[in-house]
Amino acid sequence: MSTGSGAHSAPAPNSQEDTVSDDATATTPGTAPGVAAGPAATPRKGTFSSLRIRNYRLFATGQMVSNTGTWMQRIAQDWLVLSLTGSSAAVGITTALQFLPMLLFGLYGGVIADRFAKRKLLLFTQSAMGLTGLALAVLTLSGQVQVWHVYLVAFVLGLVTVLDNPSRQAFVSEMVGQDELRNAVSLNSANFQSARLIGPAVAGVLITAFGSGWAFLLNGLSFIAPVAGLLMMRTAELHPVDRVPRSKGQLREGLRYVSGRPDLIWPIVLVGFIGTFGFNFPIWLTAFVYHVYHQGAGTYSLFNGLMAAGSLIGALLAARRATSRLRLLVGAAILFGALEIAAALAPSFWVFAALLAPIGMVGLTINVTANSSIQMATDPLMRGRVMSLFMMVFVGGTPLGAPVVGWITDAFGPRIGFLAGGLVSLVAAVVIGLILARMGGLRLKIDLRRGHRHVAFVPRVPGTASSAASSSASSTASSVEKDLAPAA
């Protein structure tokens, strides 16, 4: 799962230039200000460095157990709805209902997360999420379950997630501090994807042998682990963050803060497009399994496991990465769209399956890079509201995209549905990449000669800073340039 908040160990940023780019860049004589001569030396930490912290180990262990249960429930829920209705659109509606509360109320969840103690909020939300799993288990095991029951449980779970997501995002830095924040973000994603490897496999066995109800039951019980971990933490070892006192206009204040920061707003817009149209895998994978390859729940679990394996590799690579730059985000988004298009047109079962792992790896890279770069660029006192906006756009767009994608998949077939999602992701990445480059005073350079970088962003006027970057009033544009331009 994604994470993060401000840490007491690091002072609040004093200006946009302090927060825009987490990459320390150096200039050398003869280079223009604002044009990165190359990243300053950043000490590389171990892949699992944040696990040295006891409180974070407890948190990560609990999340590993509950994430496994969550993935079991996701697989069982999708397959149950498809079995009850035979409709990809119904799977899309279920997914939409689960994320609709985030779209409607996500920003208010961020305001609450900034006001109250994150650990206490998480004790409530994790307990409530466990109860939703137990409720669905009782309905399914008793033989009374109907599709509207699944819809209702999905919506209630979404309401709890509105508060859980920003609280969890904001709590991690209170456990690990600012220095380990990027590593913890990546390890949380690795944790989630590791569970994604185990959960679908277990769910496939349970569904085939006993039915979906047992997967729901185990998911409900799995939330005992994170609740126990939260209770066992040493609160004196947390990095306290000042809480924001209750006052009028805090929601508008958060929106104004983001709207004045192009380095925040455009990455959020990009992940919004990708989250809305490119991450509808429950719809596409169930449709490919059911309608294209005519297989069962075991194949659906296999497809999810392949995506999880790729995502896990992506998360571990991200944990070793010292920086999170906009050019990596844009490049990964372009590659993500291209891979989805290739999968939609895959001529055989095994070609389709082989493409799922790289799709998972690149999709995870998008999530972690956007998450960590936005968190590191945000004032700690604003982080709950900014991350709630990020999550609202990233997953809250699903209620808009999932029914549309589900309808396209039903009406024109799984291949067209998958192709449409990939095309939207690719076009959005290209357009936003060009916007960021223009803001940073850069242009796209294509050089097909051997031994040269084939595609790169370079200053509009070689050897000098762009007008956007040279202006003292354009520190944000300068940082965008640093994030996009290659090292000299």
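Up top you'll find the structure we're talking about.
About the criteria used
- Residues numbered from 1 in each chain as written.
- Predicted model: local features only at pLDDT ≥ 70, side-chain atom pairs only at ≥ 80, totals over all residues.
- Heavy atoms only, no water.
- Helix = DSSP H or I, 4+ residues; strand = E, 2+ residues; numbered from the N terminus.
- Contact = heavy atoms within 4.5 Å.
- Areas by Shrake-Rupley, 256 points an atom, 1.4 Å probe, with all protein chains shown as cover.
- Salt bridge = Lys/Arg side-chain N within 4 Å of Asp/Glu carboxyl O.
- Buried < 20%, exposed > 50% of the residue type's maximum accessible area, 1.4 Å probe, protein only.
- Core = buried A, V, L, I, M, F, W, Y, C linked by side-chain atoms within 4.5 Å.
- Axes fitted to C-alpha atoms, helices over the stretch in contact; angles between N-to-C directions.
- Parallel < 35°, antiparallel > 145°, perpendicular 65-115°, else oblique.
- Left-handed = near helix turned anticlockwise from the far one by under 90°.
- Nonpolar A, V, L, I, M, F, W, Y, C, P; charged D, E, K, R; others polar.
- Expected span 1.5 Å × (residues − 1).
- Patch = residues over 30% accessible without salt bridge, like charges linked within 9 Å, V, L, I, M, F, W, Y side chains within 5 Å.
- Phe/Tyr/Trp six-rings, centres within 6.5 Å; stacked < 30°, edge-to-face > 60°.
- Lys NZ or Arg CZ within 6 Å of the ring centre and 35° of its normal.

Undergrad: I'm lost on the overall build of the protein in this one. Help?
TA: The helix and strand tally for the protein stands at 19 helices and two strands. A fraction of 85% describes how many contacts in the protein between residues 6 or more apart in sequence connect residues 24 or more apart. Working note: accessible area of the protein is about 19200 Å², and carbon and sulfur atoms make up 67% of it.

Undergrad: I tried to follow the pattern of salt bridges on my own but got confused; where do I start?
TA: Where charged atoms from two side chains of opposite charge approach closely, those side chains can pair. All chains considered together, the criterion is met by three salt bridges. Among the salt bridges present, the one from Glu174 reaches Lys118, with a minimum N-O distance of 3.6 Å. Placement of Glu174 in helix H5 (residues 147-176) and of Lys118 in helix H4 (residues 118-141) is noted, with a sequence separation of 56 residues between them. Here Glu174 and Lys118 have matching classes, each one buried. Put simply, Glu237 and Arg234 hold a salt bridge, and the shortest N to O gap is 3.2 Å. Assessed through its relative accessible area of 37%, Glu237 is described here as partly exposed. A relative accessible area of 43% places Arg234 in the partly exposed class.

Undergrad: I keep staring at the nonpolar core and nothing clicks. Help me out?
TA: Note on soluble globular proteins: their nonpolar side chains tend to be buried together. Within the largest apolar cluster, 78 residues are counted, with the highest numbers of intra-cluster contacts made by Phe303, Phe352 and Phe418. Here this core gets 10 residues from one element, more than from any other, and that element is helix H14 (residues 349-376). In terms of nonpolar packing, the next biggest core, distinct from the first, is built from 16 residues, Leu58, Ala60, Val172 and Met175 among them.

Undergrad: I keep staring at the packing of helix H2 (residues 54-85) against helix H7 (residues 213-222) and nothing clicks. Help me out?
TA: For any two helices packed against each other, the geometry is given by the interaxial angle and the distance between the axes. The contact between H2 and H7 brings their axes to 8 Å, and the two run at 155 degrees. As summarised for this structure, H2 and H7 are arranged roughly antiparallel, according to the angle between their axes. In the packing of H2 onto H7, the handedness of the crossing is left-handed. Side by side, H2 and H7 meet where Val65, Ser66, Gly69, Thr70, Met72, Gln73, Ala76, Gln77 and Leu80 of the first sit next to Ala215, Phe216, Leu218, Asn219 and Ser222 of the second. Here the residues of the contact of H2 with H7 sort into seven nonpolar, seven polar and no charged.

Undergrad: Would you mind going over unusual backbone geometry with me for this structure?
TA: Among all residues save glycine, negative phi is the norm, and among peptide bonds the norm is trans. The backbone phi angle of His294 is positive, close to 55 degrees, even though this residue is not glycine. Structurally, the position occupied by His294 is in the loop between helix H11 (281-292) and helix H12 (297-320).

Undergrad: So what exactly am I meant to see when it comes to helix H10 (residues 262-278) here?
TA: Every α-helical turn comprises 3.6 residues, leaving residues that sit three or four positions apart pointing alike. Taking 1.5 Å per residue, 17 residues should reach 24 Å; H10 reaches 23 Å between its end C-alpha atoms and fits that length. When H10 is considered as a whole, its buried residues turn out to be Pro262, Asp263, Leu264, Pro267, Ile268, Leu270, Val271, Gly272, Ile274, Gly275, Thr276 and Gly278.

Undergrad: Is there a simple way to think about a nonpolar patch on the surface in this case?
TA: A cluster of nonpolar side chains, contributed by Leu104, Phe105, Tyr108 and Leu159, occupies part of the molecular surface with about 390 Å² of accessible area. Here the element with the most residues in the nonpolar patch is helix H3 (residues 88-115); it accounts for three residues. Inspection of the secondary structure assignment puts Phe105 in helix H3.

Undergrad: So what exactly am I meant to see when it comes to the packing of aromatic side chains here?
TA: Given two aromatic rings, one states the distance between the centres and the angle between the planes to describe the pair. Tallied over the full model, the rule gives 21 aromatic pairs. Arranged with centres 5.8 Å apart and planes meeting at 80 degrees, the rings of Phe281 and Trp284 form a pair that is edge-to-face. Of this pair, Phe281 and Trp284 are both found in helix H11, three residues apart, which corresponds to roughly one turn of the helix. Judged on exposure class, the residue Phe281 and its partner Trp284 are both buried. Grouped by ring-pair contacts, the aromatic residues Phe279, Phe281, Trp284, Phe288, Tyr293, Phe303, Phe336, Phe349, Trp350, Phe352 and Phe418 constitute a single cluster. Against the face of Trp71 rests Arg74, its NZ or CZ located 4.7 Å from the ring centre.

Everything listed is a geometric property; what it means functionally is a separate question.
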